[in-house]
Each structure stands twice: as structure tokens, then as C-alpha cells.
Amino acid sequence: MTFRNRLRLFAVSGLALFTVSASLPPAAASGSPEARHPSGGGLSATIRYTEYGIPHIVAKDYANLGFGTGWAQAADQVCTLADGFVTVRGERSRFFGPDAAPDGSLSSAAKNLSSDLYFRGVQDSGTVEKLLKVPAPAGPSRDAKESMRGFAAGYNAWLRQNRSRITDPACRGAAWVRPVTTLEVAVRGFALAVLGGQGRGIDGITAAQPPTAAPPAAGVTPKEAAAAAQRLLSAENADMGSNAVAFRGSTTANGRGLLLGNPHYPWDGGRRFWQSQQTIPGELNVAGGSLLGSTTVSIGHNADVAWSHTVATGVPVNLHQLTLDPADPTVHLVDGKPERMTRRTVTVPVKGAAPVTRTQWWTRYGPVVTSFGATLPLPWTATTAYALNDPNATNLRSADTSLGFSKARSTTGIQRALDRSQGLPWVNTVAADRSGNSFFSQSQVLPRITDELAARCSTPLGQATYPSAGLAVLDGSTSACALGSDRDAVQPGIFGPGRMPTLKNAPYAENSNDSAWLTNAGRPLTGYERVFGTIATQRSIRTRGAIEDVAAMAERGRLRVGDLERQQFANRAPAGDLVAADVAKWCAALPGGRAVGGDGAAVDVSAACPVLRRWDRSVDSGSRGALLFDRFWRRATAGVPVAKLWTVPFDAADPVRTPRGLDTAAPGLGRALADTVAELRAAGIALDAPLGRHQFVVRNGKRVPVGGGTESLGVWNKIEPVWNPAAGGYTEVSAGSSYIQAVGWDDTRCPVARTLLTYSQSSNPGSPHHSDQTRLFSGERWVTSRFCEKDIARSPQLRVVRVHERR
């Protein structure tokens, strides 16, 4: 690097030096010394910004790196971060009222009050403080804790310097935007860890009260419970998903690995990704996307290895059915001996009203719950109650897993990080490296529910829910039904690394949120317990389409990063390939060109038939007929049972091509088409309108067309748009493609990487980086990663900021 470039790299480009005192206003989360002085002293970092507002953070150690990360995240996302910290403090009712709904980022609580009662309970019980004191590897490492400390200090430093200049209307002038503590950063990580367990049961935890003289709420039959559990745990109903594929060097042009990661996450709120590069010279150098509030890179790459995650099918929780003492419903029996439940009394401040005090009840297995999710009631009666076991409630290790990935030099290093920290609560890992290795592992923190244990100890409810959904309900009245331990597990009651479904060095390793079974269709994974997922069962259309695509790519060979880019935006709709021709033919044969809608009225659908016939089977912005098929197929799949939709049923011996053959005689298809045509006409939308004219997001008053499609279409580039026909069709995206990366290697030390943060770096509509990458996404264009020093120095938009605290 020339002297001139070095000088440019470390110059402060016309920006003020940002400093902040370590003595800050109290953070009202607690009365601890740390709350009185949330920021430690003397931390600093250098932040070099390149195109699209992407920060490259350099610091001397983990505390200082956390400082730079917290500072830079606050600069882009202060309102979203502050809202999340209100959640983990248990103060949503105080600021926003008890009956309003949280955004769902950090739990599934239906109302602020239940969210507050839960998180206040976590705070009052010292749950996270205790986890922070657990020695590594069962607890977080010193490096992870130092990064949390630095993050809190960096967030506070930015806030102190910029509070009066916050322009985002979401929190401008808001009293709830306040300094944070290291503990609150850790609690945010805890909330993400229990998202699939206690986070799903918050309403049931906070509502659970011993039975009174009034008759208890009605329960459900085992059959109804099985259906409810299936709906609750189905990937099709989740607001998070993902695709990822790793290719082995035998399939690539230069013998090195390739990775394409396409996580599907919410476009708003606290589960957005934020993009950065983190560097500690000689120790760490990694780039990628971090979930907001996270101190480490969640999905990313370094010079030698790249990884992505997909939401896994493993069920990270189980229930224990308690047998109660007939004389006292707050006492349950284990081996005939009484055990009194632990009572937690929690008080929550409420806006404009007196504080609310409620009691929560805890057992050796976890909290008592009276429901799990919105559809599975679990009544507390005089004889029976249910306790929720969530092993991730003692897991504060995910940051160490991410740090291990960040420092890995191969897929072997990725596996070692998984085996050592065992910190991932609800995702699979897919990885590739410069040596040409591919890797997949479903290494999750799961309750150690073996099929043998479930067969021996399931209650009648569990006998229905475990086979159908993987949710075990065990007999809690006997110690013989306790979860065992694996010798290689870092905590009791979970599976050790040796039990995880893992695939190494297959030509391709792909996952689209189905179980590990068809990670590679030529090398199916079997032998794992039902709690991990199913084997030899029907795959989603998205999985089937993805396997078709990546298997064909691997077979073709000579792959390059450009092939990954084309796969991301191919926008093929596998459902269209399966049925569109049959639908068009059936439509053209309808008597009089008419079908009967849900209101009983006959609708002329004849104009839809040629549109469906000519549709190109893609969901590009310019595709004509895509919107018509999308609206029809949503109705068809919702209204017609799967067993009646296809003429050729699922065959485990041919899982990628079955089921197939649309049964056009199935009742409900005519109604779906009639209602779709009537809906589009009523909204003034032409049946053959280009998709992008009616599938878009509005940013700063301008429409930005968006390609991609919903889960039922099976599109790799998945988006879940929000239907608002009065405003023009699909006018926003709730979830979908988020931090995308296509990574490979050549003979230099710099990885060949293309990235894209679909919703852009900042949620502030006044930021220049509020929609710049969204426009790239609309145009199917990418950001060329600036990973190496020479590339950062050459950025035409380089600006350098030195941030620190005044002692």
C-alpha cells in the first residue's frame, strides 16, 4: 500500500472527533454500580465506512471491538435497538401501554404486559447474571463478555454524543431511548436464544395461575394438540427461514469451495441484520451480517471460510406433564414425593395506571405454562399441570460459536467451533472453504429426547405430539423419565456433538428449512432422533426446487461466484413449473369460462386462462401472470387438503419429484380462481400486469419494485409481501431474503465475495443508507465486498471515524 493510501485510510475525513465521558445518566434497569455508570472508560475503535454505509471496524481487543460495533449499530439503528432494550428491561407497558403488541422480535408475547412480566421475572431472578458467571465452555468466554461490555459502552457513547440529533421519527425525543448496561446486552442475547422455547411460551408462563373453584379452561384432545403443534412448529408458518448451499471443490471451476447464503428474516424490527467487518489485527478479521444487538458476526466469511445458517427443524423445547398433590395444586409429585413449586412475584410499571403484580410458578423442569403458542392450550387443573423445559434458557454461548466461526480457517474449524461451544439454539450451519470443502451440520441445543425416551415416557398428549411435530410431553412424576446426558455435551440434558446430523464434502450441501434428510439427495442423512426432524417425509416445494437447482449446478460443474449470483435471482417458481400448465388447460375447459366464487356468484375467468398459459413461471419484476398465479395458488393451497391436491402422492423413493400432478377435479380450485379474478378486478389490477407494478415497497415516497415470491411458490428468493389492494397490491415486505452472500476464492488472499442487505443498513428514513441496497435488490445487483485493506483504501466513498471515550 502506498504512503498516500495509508494516509487516506487513517485520515479523519472532515468529521469531528467523537468523545464521551464515562460518567453517564443512570440506566433505570437496575440499581447496580454498572447501571449508574453504564459505560466503562477508555474504549476506542476506528471505523472506516465504504459504499452503502458498510463499516469496517478496527480495534485492539474484544472490548474495543465491541465498543466500535455498538457505536456503529447505534448510528444506523438506534430506534430499533432502543425499542429492544425497552423489551428486555420489562418496560414496554410503562412507555407504550400494557395492551399494545410488541413487534415480535424478541418473543412471541401477544401484549406488552405479558412481555414485561416475563422479562422482569428474568431480571428479578438473576437468570442472566448467573449465566454470565458460568465458566467457559458451558458459559460465555471472557472474549464474549468483553465484547458485550464494549458494545454497551459504544452504544452509550453514540447516544451521549448524538441524542439531540436523532432524526428518526420512530424515537426522536423519546424518553425510552436510554443508556444500557452490559447485562442488558446479554439479556438481549438470552432472548434470542429462547426465542423458540420460553419465548414462544411467554403468554402461557405469565398467565399460569393455580386453579380456583371456577371450572378450568377446556383443553384439547391429543389429535387436536398434534395438529396445533404441527401448525406452531411448521416452517411454512414461521417468520424466519432461509436457503443455503455449499459446493465442494470438485464442482467448481478452480477446485475451491463456494457458498451461497440466503437467510429469510423479518424486514423490520429487532431481528434485522446489520452489515460490518470486524478486525482485531493478528486475532480476528471477519465480514458479514449481525443480528441487531449482537456483538459478533452471525453469518459471514473471513479470508478462508464462509458460512450461513438456516432455521432448523429441531424442536428446542419439551413439556413435562405434572401430577399434582390433590390437596395443593402448587405441589407436584416426583417418585411419590411432594415438591413445592417456586413462586416468583413480579411487578410491572404501567403507563397511566397502577403497577401490575403477578405470580409466576416454576418447577425443577422450568416454568408452569397454560399454553404454548397461540393454539395449544395446556390447562392447569386440580390434578395436572405442564412445565416447559427449554435448555437454551441456560445457553449464553452463541457469541462464542460466532467468534469460533470468525476465526476458523476451514470447515474443520467450523465444526470445532460448533463442538466446543455448542451455542446455536435454532439454526443449521452450512459452510465452504478455500480448500474446496463443503459442510452441513444441524448442531443445535436440543433437549435430549431420544425416541426410546419418548416411547417409554410420553403421556397420551405426547404420544400424539411427538411423532407429528417432534414436541415431546413426558411424564414428570417419575425421575426415570428425566432427560439424560451425553458425555460430550457441555450442559446436562442436551445432545452432544456426536449425535448431530452432519454431512461433509458432498458435491453440494443444501438446506431450505426442511430436516437434514435431503441435505444432499444422493447422500440422505438418517439415524437421528425425531426431535431433530423427520426422515423420508414430504419436502416443501421450496426444498424440492432448491435441490433441483443446486443438483443441476453441481452436475454441470465449473461453477463460479457468478453462478451463485444467478441462482439467487433466477426467481424460478417451482410451483408454477408443477401446475401452471394444468391450471391453464383446466381453466380454458371450464363451461362458459365461468367459475363459482366463495360468495356463490359465477365469475367470468376466461381472461385468466391465456395469462396463466403465457406466464414465464418466474417471479421477476417484469413477469406477467405471476401475480395472478400467486394469489390463486395461495387460495388453492389454503383451501384444498394436500391429500386431494395431487394425483401422484408423495413417494419416499422419489422425494424431489413427488407429489405432483394437479388434481383439477379437487373441490376448491374453481372457487380459488374465481375469487382471485374477482379480487384483482375489484382492485383495478390487470390480470397480466407485470409483477413489479403491484409488488413493491415504498421508500421515501417512491415505489421500489421487488421480485421474489412467497413460501407456497417455492422460490429461492423468498419474500413474504403484505397485501394491500387499495394501495396497489403488495406494498411492503414483512420477511424474506435479507443478508445475502455469495462467496468463493481465487489464488489471492482476498475472498471473492458479493453481498446484499436487501432492506439496507439503516431503518432511519432520513439516512442515505435507508434504501440504497433495497434499490440494488430491486435491480438484482450486488455489492462487491471490500475485505482486504487495499480494497477498503480504494473505496471512492471512504470516510474514517475515530470513536472513543474521554476518561
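Our subject is the structure that appears above.
Student: Could you clarify how one ought to interpret the packing of helix H3 (residues 62-89) against helix H5 (residues 112-124) in this entry?
Tutor: Any two packed helices are characterised by how steeply their axes cross, that is the angle between the axes, and by the distance between the axes. Here H3 crosses H5 at 70°, and the two axes come no closer than 6 Å. Here H3 is positioned roughly perpendicular relative to H5, judged by the angle of their axes. Mapping the contact onto sequence places Thr87, Val88 and Arg89 in H3 and Ser115, Phe119, Arg120 and Gln123 in H5. Of the residues belonging to the contact of H3 with H5, the class tally is 2 nonpolar, 3 polar and 2 charged.

Student: Got a minute to help me understand helix H8 (residues 182-193) in this structure?
Tutor: Residue pairs three or four apart in sequence face the same way in an α-helix, which turns once every 3.6 residues. Its 12 residues give H8 an end-to-end C-alpha distance of 17 Å, which sits within 8% of 16 Å, the value for a rise of 1.5 Å per residue. Most of H8 sits inside the fold, with 11 of its 12 residues counted as buried. Of the positions making up H8, those classed as buried are Thr182, Leu183, Glu184, Val185, Ala186, Val187, Arg188, Phe190, Ala191, Leu192 and Ala193.

Student: Please explain the state of the cysteines as it appears in this structure.
Tutor: Disulfides are covalent bonds that link the sulfur atoms of two cysteine residues. All chains considered together, the criterion is met by 4 disulfides. A sulfur-sulfur distance of 2.0 Å marks the disulfide that ties Cys79 to Cys171. Between Cys79 and Cys171 the sulfur-sulfur dihedral comes to about -70°; the bridge is accordingly left-handed. Highlighted residues: Cys79 in helix H3 and Cys171 in the loop between helix H7 (142-162) and H8, separated in sequence by 92 residues. By the burial criterion, Cys79 is buried, and Cys171 matches it.

Student: Even after reading the chapter, I still don't get the environment of Asp168, so can you show me in this structure?
Tutor: Tracing the sequence through the fold places Asp168 in the loop between H7 and H8. Exposure remark for Asp168: the relative accessible area of 7% places this residue in the buried category. The spacing of Asp168 and Ser763 is 595 residues in sequence and 8.1 Å in space, taken between C-alpha atoms. Ignoring any residue separated from it by four or fewer positions in sequence, one finds Asp168 in contact with Cys79, Ser763, Asn764 and Pro765. Polar side-chain contacts of Asp168 include one of 3.0 Å to the backbone nitrogen of Ala170.

Student: I keep staring at the nonpolar core and nothing clicks. Help me out?
Tutor: Across soluble globular proteins, nonpolar side chains have a tendency to be buried as a group. The biggest cluster of nonpolar side chains holds 165 residues, and the ones touching the most others in it are Tyr155, Val177 and Phe247. Not counting chain neighbours up to four residues away, the residues in contact with Phe247 comprise Thr252, Gly257, Leu258, Ala432, Ser438, Pro507, Tyr508, Val550, Met553, Ala554, Leu559 and Leu564. Membership of the second largest hydrophobic core comes to 44 residues, among which are Val579, Ala608, Trp615 and Phe629.

Student: Just checking my understanding: could you explain the pattern of salt bridges for this structure?
Tutor: It is possible for side chains bearing opposite charge to pair when their charged atoms get close. Applying the stated criterion across every chain yields a total of 35 salt bridges. A salt bridge links Asp99 to Lys111; its shortest N-O distance comes to 4.0 Å. Of this pair, Asp99 sits in the loop between helix H4 (92-96) and H5 while Lys111 sits in the loop between H4 and H5; the two residues are 12 residues apart in sequence, bridging distant segments of the chain. Take Lys111: its relative accessible area is 41%, and that puts it in the partly exposed class. Among the ionic pairs, Asp304 bridges to Arg409, the shortest N-O distance being 3.5 Å.

Student: I'm lost on the side chain of Ser785 in this one. Help?
Tutor: As for its position among the elements, Ser785 is in the loop between strand S33 (783-784) and helix H24 (789-793). By relative accessible area, which is 17% here, Ser785 ends up buried. Among all residues touching Ser785, those that are not within four sequence positions of it are His301, Ala753 and Thr755.

Student: Would you mind showing me how to read unusual backbone geometry here?
Tutor: In this model, Ala136 is joined to Pro137 through a cis peptide bond whose omega is 10°. Position of Pro137 relative to the elements: it lies in the loop between helix H6 (127-132) and H7. Omega for the bond connecting Thr658 with Pro659 falls within 30 degrees of zero, at 0°, which places this linkage in the cis form. Along the polypeptide, Pro659 turns up in the loop between strand S25 (646-648) and strand S26 (660-662). In this model, Ala536 sits at a positive phi of 60°, which is unusual for a non-glycine residue. Relative to the elements of secondary structure, Ala536 occurs in the loop between strand S22 (508-511) and helix H15 (541-556).

Student: Where do I start with the pairing of strand S4 (residues 258-266) in this structure?
Tutor: Each regular strand carries side chains that alternate between the two faces of the sheet. Judged by how many residues are buried, S4 sits mostly within the fold: 9 of 9 residues are covered. Bridge analysis of strand S3 (residues 241-247) against S4 gives 7 bridges, and the strand direction is antiparallel. Within S4, the residue paired with Ala244 across the bridge is Gly261. Pairing between S4 and strand S31 (residues 739-744): 3 bridges, direction antiparallel. Among the inter-strand pairings, Leu259 is bridged to a residue of S31, identified as Val743. When S4 meets strand S30 (residues 729-737), the two strands line up antiparallel, connected through 3 bridges. Each residue of the ladder has a partner; that of His264, found in S30, is Ser737.

Student: Sorry if this is basic, but what is going on with the packing of aromatic side chains here?
Tutor: Centre-to-centre distance and the angle between the planes together describe a pair of aromatic rings. Per the stated rule, a full pass over the model turns up 19 aromatic pairs. Look at Phe495 and Phe532: their rings are 5.0 Å apart centre to centre, the planes differ by 50°, and that puts the pair in the tilted class. One end of the pair, Phe495, is in the loop between strand S20 (473-475) and strand S21 (502-504); the other, Phe532, is in the loop between S22 and H15, with 37 residues separating them in the sequence. Neither residue differs from the other here; Phe495 and Phe532 are each classed as buried. Ring pairs connect the aromatic residues Trp267, Phe569, Tyr759, Phe777 and Trp782, which therefore count as one cluster. Of note, Arg188 hangs over the ring of Phe85, and the distance from its end group to the ring centre comes to 5.1 Å. It is Arg631 that lies over the ring of Trp723; its NZ or CZ is 4.0 Å from the centre.

Student: Hey, could you run me through helix H12 (residues 411-421) in this one?
Tutor: Taken together, the buried positions of H12 are Thr411, Gly413, Ile414, Gln415, Ala417, Leu418 and Ser421. Where H12 begins, the side chain of Ser410 points an oxygen toward the backbone nitrogen of Thr412, at a separation of 3.2 Å. Gln422 sits one or two residues past H12 and shows a positive phi near 50°.

Student: I keep staring at the sheet that holds strand S19 (residues 438-441) and nothing clicks. Help me out?
Tutor: Two modes of strand pairing occur in sheets, parallel and antiparallel, and in both the strands are linked by backbone hydrogen bonds. With respect to topology, 10 strands assemble into an open sheet ordered S21-S19-S18-S8-S7-S6-S5-S2-S1-S34, the strand pairing being mixed. For this open sheet the edge positions go to S21 and strand S34 (799-804), each flanked by a neighbour on one side alone. Taken pair by pair, the neighbouring strands of this sheet meet at an average axis angle of 20°, ignoring direction. Here H12 sits on the sheet and contacts strand S8 (305-311), strand S18 (427-433), S19 and S21; the angle it forms with S18, its principal contact strand, is near 155°.

Here is what the cut-offs are and how they apply
- What you see as residue numbers is a count from 1 along each chain, following the sequence as written.
- Local features in this predicted model are restricted to residues whose pLDDT is 70 or higher, and side-chain atom pairs enter the listing and the counts only when it is 80 or higher, whereas totals over whole chains, interfaces and linings include all residues.
- Neither water nor hydrogens contribute to the side-chain values; these are computed over all heavy atoms in the structure.
- To get an axis, fit a line to the C-alpha atoms, keeping to the stretch in contact for a helix; angles then go from 0 to 180 degrees between the N-to-C directions.
- Under the scheme used here, helices are H or I runs from DSSP no shorter than 4 residues and strands are E runs no shorter than 2 residues, and both carry numbers assigned from the N terminus.
- Angle categories are assigned with fixed cut-offs, so that under 35 degrees is roughly parallel, over 145 is roughly antiparallel, 65 to 115 is roughly perpendicular, and the rest are oblique.
- Two residues qualify as a contact provided that any one of their heavy atoms is within 4.5 Å of a heavy atom in the partner residue.
- Gly is placed with the polar residues, together with every amino acid not listed as nonpolar (Ala, Val, Leu, Ile, Met, Phe, Trp, Tyr, Cys and Pro) or charged (Asp, Glu, Lys and Arg).
- How far a helix is expected to stretch is found by multiplying one less than its residue total by 1.5 Å.
- Classification of residues uses two cut-offs on accessible area relative to the type maximum, computed with a 1.4 Å probe and protein chains only: under 20% is buried, over 50% is exposed, and between them is partly exposed.
- Pairs of cysteine sulfur atoms within 2.5 Å are what we label disulfides.
- Any pair of nitrogen or oxygen atoms within 3.5 Å is treated as a polar contact; in protein, a donor-acceptor pairing is required on top of that, and neighbouring residues in sequence qualify only through side-chain atoms on both sides.
- Each nonpolar core is a collection of buried residues, namely Ala, Val, Leu, Ile, Met, Phe, Trp, Tyr and Cys, held together in the definition by side-chain atoms within 4.5 Å.
- Salt bridge criterion: a side-chain nitrogen from Lys or Arg within 4 Å of a carboxyl oxygen from Asp or Glu.
- Any two strands between which DSSP finds at least two bridges are classified as paired.
- Two rings belonging to Phe, Tyr or Trp (six-membered ring only in the last case) form a pair when the distance between their centres is within 6.5 Å. Interplanar angles under 30 degrees mark stacking, angles over 60 mark edge-to-face geometry, and anything in between is tilted.
- Two thresholds decide whether a charge sits over a ring: the Lys NZ or Arg CZ must be within 6 Å of the ring centre and within 35 degrees of the ring normal.

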